[in-house]
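Given next are the chains, with one letter for each unit.
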Amino acid sequence: MKVAIYGQYYQNSTEPIIRDIFVFFNKNGVEMVIEANFLEMLYEKKIVQKEYSTFHSHSQLNSSFDMLISIGGDGTILRAATLVRNSGIPILGVNAGRLGFLASVQKENIENFLQFVIAKKYTISPRTLLSLSCTPKNAEIQDLNFAMNEISVSRKDTTSMITIDTYLNDEFLNSYWADGLIIATPTGSTGYSMSCGGPILTPDVKSLVITPIAPHNLNARPLVIPDKTEIRLKVSGREENYLISLDSRIASVKNESVLVIKKTPFKINMVEIPGETFLKTLRNKLLWGEDKRN
């Protein structure tokens, strides 16, 4: 078995997790190829000493890899998705962060979970992504023009709201007067969109969510639409530019630019370990069914 490993380092919490993963894979003869910057950090922290093969970019990840292990939080998985791209390599998230919906493997039982990995006793959960095109073209979003959680537009360098003219399949929907607008995938419905009042979708739902950020027109509400819908946005405001974010990547876009958002032709494959389902994660993270009054 051959796995790629990518991660982020969090003081005190990550070190034992990394050691457990490396010890387990070495003991079971799993070939590990480590993202170069991550491995350099591991050497500096003296967490590992053995030499390993490395990869530097998405172009070096091919069909010879069985899986990519992401060590960190949900943000780390979103960055890992930019390495995997359309290769189809499944991603397994090991949670070293806090509130995570994507990183399903918890640090308490890493060895038990990894046993399922080497025995190939896991399932794949395909996740929808969104692509973005901009007219006129924007150099900051030419290459990495997709997002796994959400694409959002928001105001920049001003406290004034922006106006977002929104069209669905070329039919006018609404002009949102707001701080911004979020277009979320089912995966992203538990992220920024949820914090702005959007609904939670299960990962297999073929839908997207449009969620306004602090709308001035108070009758504007989150809207669930089919994921085959093409969304067109035209943003205007008092400043010359506004911000657009693709997950954690941010670009500055000129007023009156036209944005087209639609589903990508490829998906990201997330690994689900037996017993660690989305519904279980939802219950645990949102404390559903727990009485916290006492």
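See the structure printed just above.
Q: A description of the sheet that holds strand β16 (residues 231–236) should follow, citing residues and the corresponding values.
A: Pairing is antiparallel in the open sheet, where six strands are placed in the order β9-β8-β19-β16-β11-β12. Edge positions in the sheet fall to β9 (146–147) and β12 (171–178), since each of these pairs with one other strand and no more. By the bridge criterion, four bridges tie β16 to strand β19 (residues 258–263) in an arrangement that is antiparallel. Within β19, the residue paired with R232 across the bridge is V260.

Q: I'd like a rundown of the nonpolar core, residues and numbers included.
A: I5, I21, F22, F25, L42, I69 and L92 are the most contacted members of the largest nonpolar core, which totals 33 residues. Among the elements that take part in this core, helix α1 (residues 15–27) stands out by supplying six residues, more than any other. I21 has contacts with I5, I71, V94, I110 and L114, leaving out every residue within four places of it along the chain. If you look at the next biggest cluster of nonpolar residues, it comprises 27 residues, including V153, L233, I244 and L246.

Q: Summarise helix α2 (residues 36–44); cite the residues concerned and give the values.
A: Every buried residue belonging to α2 is among A36, F38, L39, M41 and L42, and all of these are buried. Buried residues along α2 sit in contact with β1 (2–7), α1, β2 (31–35), β3 (53–55) and β4 (67–72). Residue K46 follows α2 closely and has a positive phi angle near 60 degrees.

Q: Go over the packing of aromatic side chains with me, naming the residues and quoting the values.
A: Tallied over the entire structure, the rule returns four aromatic pairs. Between F22 and Y52, the ring centres sit 5.3 Å apart and the planes meet at 85 degrees, which makes this aromatic pair edge-to-face. With a gap of 30 residues between them, F22 in helix α1 and Y52 in the loop between α2 and β3 connect regions that are remote in the sequence. Centroid distance F146 to F266: 5.7 Å. Interplanar angle 80 degrees. Geometry classified as edge-to-face.

Q: Outline the sheet that holds strand β10 (residues 150–154), supporting the account with residue identities and numerical values.
A: Taken together, six strands build an open sheet; the order of strands is β15-β14-β13-β10-β17-β18 and the sheet is antiparallel. Edge positions in the sheet fall to β15 (223–226) and β18 (249–254), since each of these pairs with one other strand and no more. On average, each strand axis in the sheet is tilted by 20 degrees relative to the strand beside it, whichever way the strands run. Where strand β13 (residues 180–184) lies against strand β14 (residues 207–213), five bridges are found, and the strand directions are antiparallel. Directly across from A184, in β14, lies its bridge partner V209.

Q: Any details on the side chain of N138? Residues and values, ideally.
A: The topology assignment puts N138 in the loop between β8 (130–135) and β9. For N138, a relative accessible area of 12% translates into the label buried. A distance of 2.8 Å separates a polar side-chain atom of N138 from the backbone nitrogen of E140. Within the structure, the side chain of N138 is placed 2.9 Å from the backbone oxygen of S252, a separation counted as a polar contact. Those residues in contact with N138, other than ones at most four positions away along the chain, are A251, S252 and V253.

Scoring rules and cut-offs
- Along each chain, residues carry numbers from 1 onward, in the same order as the chain's sequence is written.
- Where local features are concerned, this predicted model is filtered to residues with pLDDT of at least 70; where side-chain atom pairs are given and counted, the filter is 80 or more; whole-chain, interface and lining totals use all residues.
- Water and hydrogen atoms were dropped before computing side-chain values, which therefore reflect all heavy atoms in the structure.
- Strand pairing is assigned whenever DSSP identifies at least 2 bridges connecting the two strands.
- Helix numbers and strand numbers start at the N terminus; a helix is a DSSP run of H or I with at least 4 residues, a strand a run of E with at least 2.
- Residues grouped as a nonpolar core are buried Ala, Val, Leu, Ile, Met, Phe, Trp, Tyr and Cys residues, joined through side-chain atoms within 4.5 Å.
- Think of it in three bands: with a 1.4 Å probe and only protein chains considered, a residue is buried below 20% of the maximum accessible area for its type, exposed above 50%, and partly exposed in between.
- Throughout, a residue-residue contact means that at least one pair of heavy atoms, one from each residue, lies within 4.5 Å.
- Here a pair means two rings of Phe, Tyr or Trp (six-membered ring of Trp) with centres within 6.5 Å. Their orientation is stacked below 30 degrees between planes, edge-to-face above 60, and tilted elsewhere.
- Every axis corresponds to a line fitted to the C-alpha atoms, with the helix fit spanning only the stretch in contact, and the corresponding angles, defined between N-to-C directions, vary from 0 to 180 degrees.
- Whenever a nitrogen or oxygen atom comes within 3.5 Å of another N or O atom, the pair is scored as a polar contact, on the condition that within protein one atom can donate a hydrogen and the other can accept it, and that pairs from neighbouring residues in sequence are kept only if both atoms are in side chains.

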